Amino acid sequence: MQTTNRFSICNKFILFLLLFICYKEGYSQEKPRLAIFSGPTATIQNSYPLITSNKARENNELPLLTTDEGEKMPFDRLYYQRIAAPVTVYVEMFTAHPLENDVKELYGAPDGYIDADGKFRKTRRDPSDKPVLKVELKPEDGLYPMPYMAVQANGKPWDATSAYPGSPFSESRQTFYPNASRIFEEIERDGGNIYGMADYDFYRPAPAGGYTKGLAAEARTDNGEGDIPPETLGKDFFTYGPYGASQNRMQLAKATNIVQRVMESGDYDGSIWLEGSPSIENTSYWMGLLIDSEAPLVFNAAQRMRGLVSADGDQNIIDGIHFITSGIWADEKGVSRIGSVMIQDQIIFSSREVQKGDARPGGYVITGGYGGIIGSMGYGPKLTFLPLRKHTHLSEVNFNRIPESVPGITVSNEGSLSNVEVAVKDENGDLIPESMPMVTIYKSARWKTEDDGSDDPASEVDILARIQDNLSQYPLAGFVGEGMAPYGSMISPMDAALELAALHGYPVLKAARGNADGFMDTNPDNLFIEGHNTTSTKGRVLLMACILRYGTYPPAKDPSNPTPEELDAIKEKIKLYQEVFHTH
């Protein structure tokens, strides 16, 4: 008996010790917490317009929706909505699947029967009575698909997003969701089972939908404090379509600040960014370069809006969640070893190499010719390759490596050029939106000018005009020249014009045409950064990050007649940029 007591005490002590170790090591049964970011022009957060149903049209004696042949639509489209009060519904048994009735002997008894007059009884009185199951629907149950019954204030039906063809934005409804919380609720209702996988907080760094009348703090479904003031299209939210409004460089800085602050808080095990399918390829790369985080960054898009047959966005989101919660992205210390990825159509893409090719399933392609697809979600999360490029917490141009100020270009009253310190971060350590570099892309092509053999830059009036505009407005700026594949070679006048831009102090990147498979040689004797095997659009993103990190070149006082010392100083600065392009 005494031995048993000692054994019991020993076991209790071991159990207590294990629990204490788990506590000290931070082990927990809590679900992972993910940050969900809403980006601009996001089809994945867009929905089919709310169209007045035929059920409502019949009630209001309005023209009915018809097929292309002019016949009444056989069914109303259903939209997720909330019921306002409990209601009892009688569901006919054996209608959930065509073959339920084939094994009806396996089922329990119905709750009752509905007769030909629609009356419910506990017992069957006639062979024609339908067996039913009784369901009480409650508001707290969540969303239910139902016909859309609303009409316009003037009594007309809603036939499209807008009140009438060509109506201004003020007389149109929005189809883009203001954040992803409602989408996650719909995914859960559809059987996505995502609420059991993780907890979610929703953020609006650059959303596609906005509150034009504002929103009270208690009504918010996103993370944030206080009321949301009235929001403006093109300033606070960004859509496509008839009321399209594109996001700008300043908004990218604001969004980057938000994502960095959220991810450096340590509150999240990963994040998902939702954006439009054509632009997400660049945002995913940018965030993968700038965000200093050891947690994974996932990017999702959709080729078809919500409510269409075979809409793909929900599955991409589910795959993104599975990817993060699987932990396959982590090294032995739990730190991300792959940085930012885009997950689309069950494929895991490295953000540096992914590019949209077409608006269809499987429409994303890889660039650079050597890898880019690093895993699959089709048979559970699996990694097949690891990217070697620097990213996130390893990036040389990430948020926390960007200094408070960098050298920019200024011109004196006499016209001489020099460097001037430009603040790129404010007193809070956030990126200053107005300091975001202006980087423009120029494409070279044969047969462009009267004499391709000339090295006179005068014919490249667009590049020369941009140089002058930069001098007057943008102390931080750069140029990207897209040349031939795979070497990035350009016609002589464009080479000369871009070299002149470099002599003015503006970093100039050369990239190959399209999705070139080859690697550009680095030439230490010219005034260009060679883009390795990057595309011009991806290269532009990396060049912007480099300018925030290193600033511009030391300009020649007279760009038309640089001294050997000035050329050497520019080439020395180019080495910093070139190393980043080789490794990121």
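One can find the structure itself at the top, above this paragraph.
Below is a summary of the structure that appears in this document. For clarity, every value in this text was computed on a predicted model and none was experimentally measured.

So, empty space enclosed by the protein
Counted by the stated rule, this structure contains 2 cavities of 30 Å³ or more. Here the largest cavity defines a volume of roughly 120 Å³. Lining the largest cavity are 14 residues, and of these Ser 351, Arg 352, Arg 389, Lys 390 and His 391 lie nearest its centre. With 3 residues, the single largest contributor to the lining of the largest cavity is helix 5 (residues 280-290). Residue composition of the lining of the largest cavity, by class: 4 nonpolar, 7 polar and 3 charged. Surrounding the second largest cavity, Phe 37, Val 259, Ser 271, Trp 273, Met 287, Leu 297, Val 298 and Phe 299 form its lining. Broken down by secondary-structure element, the contributors of at least two residues to the lining of the second largest cavity are strand 9 (270-274) and strand 10 (297-300).

With respect to the pairing of strand 8 (residues 199-203)
When you tally the buried positions in strand 8, you get 4 out of 5 residues, the bulk of the element. Of the strand pairs in this sheet, strand 1 (residues 33-38) and strand 8 are connected by 5 bridges, and their pairing is parallel. Note that in strand 8 the partner of Phe 37 across the bridge is Tyr 203.

Details of the packing of aromatic side chains
Tallied over the full model, the rule gives 17 aromatic pairs. Judged by centre distance (6.1 Å) and plane angle (85°), the ring pair of Tyr 203 and Tyr 268 falls under edge-to-face. Placement of the pair is Tyr 203 in strand 8 and Tyr 268 in the loop between helix 4 (249-264) and strand 9, with a sequence separation of 65 residues. Across this residue pair, the class does not change: Tyr 203 and Tyr 268 are buried. Clustering of aromatic rings is evident, with ring pairs tying together Phe 37, Tyr 203, Tyr 268, Trp 273 and Phe 299. When the ring centre of Tyr 48 is taken as reference, the NZ or CZ atom of Arg 77 above it lies at 3.6 Å. Looking at Arg 189, its charged tip hangs above the ring of Tyr 144, at a distance of 4.6 Å from the centre.

Some thoughts on the environment of Glu 530
Along the chain, Glu 530 turns up in strand 22 (residues 529-530). Put simply, Glu 530 and Val 508 are 22 residues apart on the chain and 8.8 Å apart in space, counted from C-alpha to C-alpha. Once you skip the residues sitting within four places of it in the chain, Glu 530 turns out to touch Leu 509, Lys 510, Met 520, Asp 521, Thr 522, Asn 523, Gln 578 and Phe 581. Within polar-contact distance, the side chain of Glu 530 engages the backbone nitrogen of Asn 523 at 3.2 Å.

Side note on the side chain of Thr 583
Structurally, the position occupied by Thr 583 is in helix 10 (residues 564-583). The buried category is assigned to Thr 583, whose relative accessible area is 19%. A polar contact of 2.9 Å, which involves the side chain of Thr 583, links it to the side chain of His 584. Those residues in contact with Thr 583 that sit more than four places away from it in its chain are Arg 389 and Lys 390.

Procedures and definitions
Residues numbered from 1 in each chain as written. Predicted model: local features only at pLDDT ≥ 70, side-chain atom pairs only at ≥ 80, totals over all residues. Heavy atoms only, no water. 1 Å grid on protein atoms, 1.4 Å probe; cavity = no way out; pocket = protein on both sides within 12 Å on 5 of 7 lines; lining within 4 Å. Points joined across faces, edges and corners; volume = space filled by probe spheres on them. Helix = DSSP H or I, 4+ residues; strand = E, 2+ residues; numbered from the N terminus. Nonpolar A, V, L, I, M, F, W, Y, C, P; charged D, E, K, R; others polar. Buried < 20%, exposed > 50% of the residue type's maximum accessible area, 1.4 Å probe, protein only. Pairing = 2+ DSSP bridges. Phe/Tyr/Trp six-rings, centres within 6.5 Å; stacked < 30°, edge-to-face > 60°. Lys NZ or Arg CZ within 6 Å of the ring centre and 35° of its normal. Contact = heavy atoms within 4.5 Å. Polar contact = N/O pair within 3.5 Å; in protein donor to acceptor, adjacent residues only side chain to side chain.

Coordinates in, geometry out; function isn't part of it.
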